[in-house]
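Descriptive structure summary
Now for the letters of each chain:
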Amino acid sequence: MKYYSLNHKAPEVTFDEAVIKGIAPDKGLYFPENVPVLPASFWDRIETLSHNEIAYQVMQPFVGDSIDASSLREIVADVLSFDFPIVELEENVATLELFHGPTMAFKDVGARFMARCLGYFLEKREQTQEITVLVATSGDTGGAVARGFYKVPGIQVVILYPSGKVSDIQEKQLTTLGENITALEVDGTFDDCQAMVKRAFLDQEITSKRQLTSANSINVARWLPQCLYYIFTYKELKKNGKELVFSVPSGNFGNICAGMVAHHMGMPVQQFIAAVNSNNTIPRFMQSGDYAPAQTVATISNAMDVSDPSNFVRVLQLFENSRNTLSRKFTTHSYCDNATRAAMKEIHERLDYIADPHGAVGYLGLKEYLKEHPDSYGVFLETAHPVKFLPAVEPVVGKIMDLPEQVMGLMDREKIASRILDYESLKNSLK
Ligand SMILES: *Cc1c(COP(=O)(O)O)cnc(C)c1O
């Protein structure tokens, strides 16, 4: 499989090159030259296949010759070593819990897959120069990347996070690992962190000494394996014979775009719903055709505080770059924080379930669609465990008593982070 740049001004590359580079030299996102369609026999007998077998068959065409068959089987088995439960909350409404991985956010799957691929490529190339994964986080990405890359030989991870703007659990997840993981606490906002990372990628004094790569969802190894969540769900729900709808709480649109990839591979889906918070660039675009990002606003579903979603070009590419074609499979709605809190309350009181703010936004999008399509079966994605967002969740649903095992022990560990005041201090720490 070859990957081309969506800016069309860079050479095509193989999977391993796309993963190592992260972004194409013309600053475009890499995209597979064709989305493989799996044979009808795969979809017909999917209920007889294990998660590991499904994952191997789905990922193999994307990986091509870059990873040999037995190594790829080992990698997917290692990456998928936790559950992806579907919890039915009422008739025709279920939630897909994507928070059973080590950092309790759906980003674990992509981060672990990317880490293991990169580790494999470095070993195969017998590369002596280390790779530095440099990443800015507003909370969830950093933890998933830190855990995913922890102790992977040949890789250093440097994470920038905004001081005081991530939750306590998120901060501990970033700052307590040590070894090859370095956390830098930035006096500033997420945008400041992001700007410093971008500057470092263009800074020859740094890039002449370190090989840098990025680990956010622009990287194909982080983006593509997310299609597996949808395929595992289809496997479970196929037998009820209903039209399937997915509602995805969306920020950078990597997750929902991966779901659409699964659909293009042959998986039947009636509709994808992108549920967003007050950062509503995409709902406005779908209405008017005008792509006009506004200033990002802070919300209680802060992992989705994105006003210029980087993966939306990939969404459009999957649908012939046509808003019209896209609208046949894609609906999008925006919800403010008050609506999100009301949804968390309703889910708790009426359905006896605790959703995090992101999942609650997904629930709202799903309910809106099902009003018009009462016979469809809808699944909203729970993208993080509610304990990661306690300051938003507890005032609505009361104290959460059952702490998951991933949190136990974490809070007592010692935080190790260096403070970064400006770009020069980042530069010094990268030398
Ligand atoms: C990252 C994240 C999202 C947004 O996912 P995208 O792929 O960027 O659209 C939603 N919810 C949570 C909890 C996240 O961490």
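Before reading further, recall that the structure is shown in the block above.
To start, this report covers the structure provided alongside it. (Residues numbered from 1 in each chain as written. Predicted model: local features only at pLDDT ≥ 70, side-chain atom pairs only at ≥ 80, totals over all residues. Heavy atoms only, no water.)

Points about the overall build of the protein chain
Rules: Segments assigned H or I by DSSP are reported as helices when at least four residues long, segments assigned E as strands when at least two residues long, and all are numbered from the N terminus. For the radius of gyration, the atom set is restricted to C-alpha positions; the globular benchmark scales as 2.2 Å times the number of residues to the power 0.38. Exposure is judged per residue with a 1.4 Å probe applied to protein chains only, and the accessible area is read against the type maximum: over 50% gives exposed, under 20% gives buried, and values in between give partly exposed. Any two residues whose heavy atoms approach within 4.5 Å are treated as being in contact.
Helix and strand counts for the protein chain stand at 19 helices and 14 strands. For the protein chain, the C-alpha radius of gyration of 21 Å lies close to 22 Å, the compact-globule estimate for 431 residues. In terms of overall dimensions, the protein chain has C-alpha extents of about 60 × 50 × 45 Å along its principal axes. With 431 residues in all, the protein chain has 60% of them scored as buried. For the protein chain, contacts bridging at least 24 residues in sequence account for 75% of all contacts bridging at least 6.

Here we look at the site of the ligand
Let me state the cut-off plainly: Here a residue is considered near a molecule or strand provided that any single heavy atom belonging to it is located within 4 Å of it. Any pair of nitrogen or oxygen atoms within 3.5 Å is treated as a polar contact; in protein, a donor-acceptor pairing is required on top of that, and neighbouring residues in sequence qualify only through side-chain atoms on both sides. Computed with a 1.4 Å probe, the accessible areas rest on the Shrake-Rupley method; for each residue, only the protein chains presented here act as cover. Each residue is assigned to one class: nonpolar for Ala, Val, Leu, Ile, Met, Phe, Trp, Tyr, Cys and Pro, charged for Asp, Glu, Lys and Arg, and polar for all the others, Gly among them.
Lining the immediate environment of the ligand, one finds 15 residues, of which Lys107, Asp140, Gly251, Asn252 and Thr383 sit closest. Between the ligand and aspartate 140, the relevant distance is 2.7 Å, taken from an oxygen atom to a side-chain nitrogen or oxygen of the residue. Protein chains bury 96% of the 390 Å² of accessible surface belonging to the ligand in isolation. Residues of the shell around the ligand, tallied by class, amount to six nonpolar, seven polar and two charged.

Re the sheet that holds strand β12 (residues 330-334)
Applicable threshold: Any two strands with at least two DSSP-identified bridges between them are counted as paired. Under this scheme, a helix contributes an axis fitted over its contacting stretch, all axes are lines through C-alpha atoms, and angles between N-to-C directions fall in the 0 to 180 degree range.
Pairing within the open sheet is mixed, and its six strands lie in the order β4-β5-β13-β10-β11-β12. Taken across any chain shown, the strands that pair with only one partner, and hence form the sheet edges, are β4 (86-90) and β12. Here the average twist between neighbouring strands, direction ignored, is 25 degrees. As paired elements, strand β10 (residues 244-249) and strand β13 (residues 377-382) share four bridges and run parallel to each other. Residue pairing in the sheet places serine 247 in a bridge with phenylalanine 380 of β13. Of the strands in this sheet, β4, β5 (93-97), β10, β11 (271-276) and β13 touch helix α11 (residues 227-237), which is tilted by about 145 degrees from β10.

Regarding unusual backbone geometry
Positioned with a positive phi, lysine 151 is a non-glycine residue whose angle comes to about 65 degrees. Relative to the elements of secondary structure, lysine 151 occurs in the loop between α6 (140-149) and β7 (155-162). Positive phi, normally seen in glycine, also occurs at asparagine 321, with a value near 55 degrees. Secondary-structure assignment places asparagine 321 in the loop between α14 (312-318) and α15 (323-327). Of the residues examined, asparagine 321 reaches a relative accessible area of 49% and is grouped as partly exposed.

Points about the packing of aromatic side chains
As a reminder of what qualifies: Under the pairing criterion, centres of Phe, Tyr and Trp rings, with the six-membered ring standing for Trp, must be within 6.5 Å; the plane angle then separates stacked pairs below 30 degrees from edge-to-face pairs above 60, leaving the rest tilted. To sit over a ring, a charge needs its Lys NZ or Arg CZ within 6 Å of the ring centre and within 35 degrees of the ring normal.
As enumerated under the stated definition, the model contains 20 aromatic pairs in all. Ring plane angle 75 degrees and centroid distance 5.9 Å describe the contact between tyrosine 120 and phenylalanine 121, whose orientation is recorded as edge-to-face. There is no split in this pair, since tyrosine 120 and phenylalanine 121 are both buried. Both rings, one in phenylalanine 246 and one in phenylalanine 272, keep their centres 6.2 Å apart while their planes meet at 15 degrees; by these two values the pair is stacked. On the criterion of sequence distance, the pair formed by phenylalanine 246 in strand β10 and phenylalanine 272 in strand β11 is long-range, its members being 26 residues apart. As far as the burial class goes, phenylalanine 246 and phenylalanine 272 line up, both buried. Directly above the aromatic system of tryptophan 223 lies the positively charged group of arginine 314, at a separation of 4.1 Å from the ring centroid.

Things to note about the nonpolar core
Rules: Nonpolar cores were defined as sets of buried Ala, Val, Leu, Ile, Met, Phe, Trp, Tyr and Cys residues, with membership established by side-chain atoms within 4.5 Å.
One finds Phe15, Val58, Phe113, Phe149, Phe246, Phe312 and Phe330 to be the most contacted residues of the largest nonpolar core, which totals 108 residues. The biggest single contributor to this core is helix α5 (residues 107-125), with ten residues. Residues in contact with phenylalanine 246, not counting those within four places in the same chain, are Tyr230, Thr233, Met267, Val269, Gln271, Phe272, Ile273, Val379 and Leu381. Judged by nonpolar contacts, the second largest core, of 36 residues, contains Ala275, Leu366, Val396 and Leu410.

Brief notes about the sheet that holds strand β3 (residues 30-32)
Strand order in the open sheet formed by three strands is β2-β1-β3, and the pairing between neighbours is antiparallel. The two strands at the open ends of the sheet, each matched to only one other strand, are β2 (13-14) and β3. Here strand β1 (residues 2-5) runs beside β2; their pairing, made up of two bridges, is antiparallel. Counted as the bridge partner of tyrosine 3 is valine 13 from β2.

Take it as geometry only, folks, not as evidence of what the structure does.
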